[in-house]
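# Chains, contacts and geometry: an overview
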Amino acid sequence: MRFILVDRIVSLEPGLRVVATRRVPPDEEFFQDHFPGFPVVPGVLLTEMMGQAAAKALDAERRPRGKAMLAKILSASFRQWVRPGDETLLHAEITANTDSYANAECRAEVNGQGVAQAKLFFSFMPIDSFAAGFRDAVLDDFLARQAR
Amino acid sequence: MGEQEGPLAAAIMNIEQALEWIAEVFEESPGRIVTTTLRKEIPGWDSLGTLSLIAALDERFDIHLSEQDIEGMQGVGDLFEILRRQGALQGA
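## Some points on the side chain of T47 of chain A
Residue and element names in this part refer to chain A.
- Examined against the element boundaries, T47 turns out to sit in helix α1 (residues 43-59).
- Looking at T47, the relative accessible area reads 5%, which means it is buried.
- Leave out the neighbours within four places in its chain, and T47 touches I73, A76, F78 and L120.

## Topic: helix α2 (residues 47-61) of chain B
- Compared with an ideal rise of 1.5 Å per residue, which puts 15 residues at 21 Å, α2 of chain B spans 21 Å between its outermost C-alpha atoms and is within 8% of the ideal.
- Among the 15 residues of α2 of chain B, 11 are classified as buried, and the element is accordingly described as predominantly covered.
- Looking only at α2 of chain B, the buried set comprises G49, T50, L51, S52, L53, I54, A55, A56, L57, D58 and F61 of chain B.
- Taken together, the buried residues of α2 of chain B touch β3 (67-78) and β6 (113-125) of chain A together with α1 (15-25), α3 (67-72) and α4 (76-85) of chain B.

## Focus on the confidence of the model for chain B
Residues and elements named next belong to chain B.
- In the predicted model, chain B carries a mean pLDDT of 89, and the fraction of residues at 70 or more is 88%.
- Across chain B, the element-wise mean pLDDT spans from 92 in α3 up to 96 in α1.
- Here the complex is predicted with pTM 0.89, and the ipTM for its interfaces comes to 0.80.

Reading the values: rules and limits
- Residues numbered from 1 in each chain as written.
- Chains lettered and ligands numbered in written order.
- Predicted model: local features only at pLDDT ≥ 70, side-chain atom pairs only at ≥ 80, totals over all residues.
- Heavy atoms only, no water.
- Helix = DSSP H or I, 4+ residues; strand = E, 2+ residues; numbered from the N terminus.
- Buried < 20%, exposed > 50% of the residue type's maximum accessible area, 1.4 Å probe, protein only.
- Contact = heavy atoms within 4.5 Å.
- Expected span 1.5 Å × (residues − 1).
- pLDDT = per-residue confidence, 0-100.

Okay, here's the thing in structure tokens:
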């Protein structure tokens, strides 16, 4: 399984908020174990989806501080099961945004119903820490479309 | 001088409250941290802990630490000194 957990950005205001989507394919191997006969998307993956979405709102600012990295889960709750193939809508509001840290309040929905929420804390990693040529294709493609 | 008013007034802590708050910031058990505890004695006071402290001071007290403040803090006593200087801590 690759670890790109945002398929598409629906809307984004750099440094402020983002709405994105993720559909977990029914053939993901982990569904065999989580759980046999009752496959559901793990809460840790829902948290990571919300974190990746929020990070895109921060990274879209292109500030010199570097890439947003999930550093702490301040709170998280999972209210409904997310089943294989469900399209999850990921909302993130950036509630603090400084050169050294950021906070985001996030929620996930399926068919208009809240399935999870989380408050997340981010630090930043300098871009030159990553492989040369590293890029966030989902974010870059969205920004390129917006620029047209 | 009259009592302090405004947003900070509600946030002023006494020593006991401050120790509980510091324990929460560094994810330590309440009661494990005392006024003389050193930074090196608090496992959670690592780089993430420092960042959490910066965020907590900013969000709760509107206190912005300087690089000098951050580098100079060797323990709870130094942190208390900053809180006192900024009017967020009362008591001996």
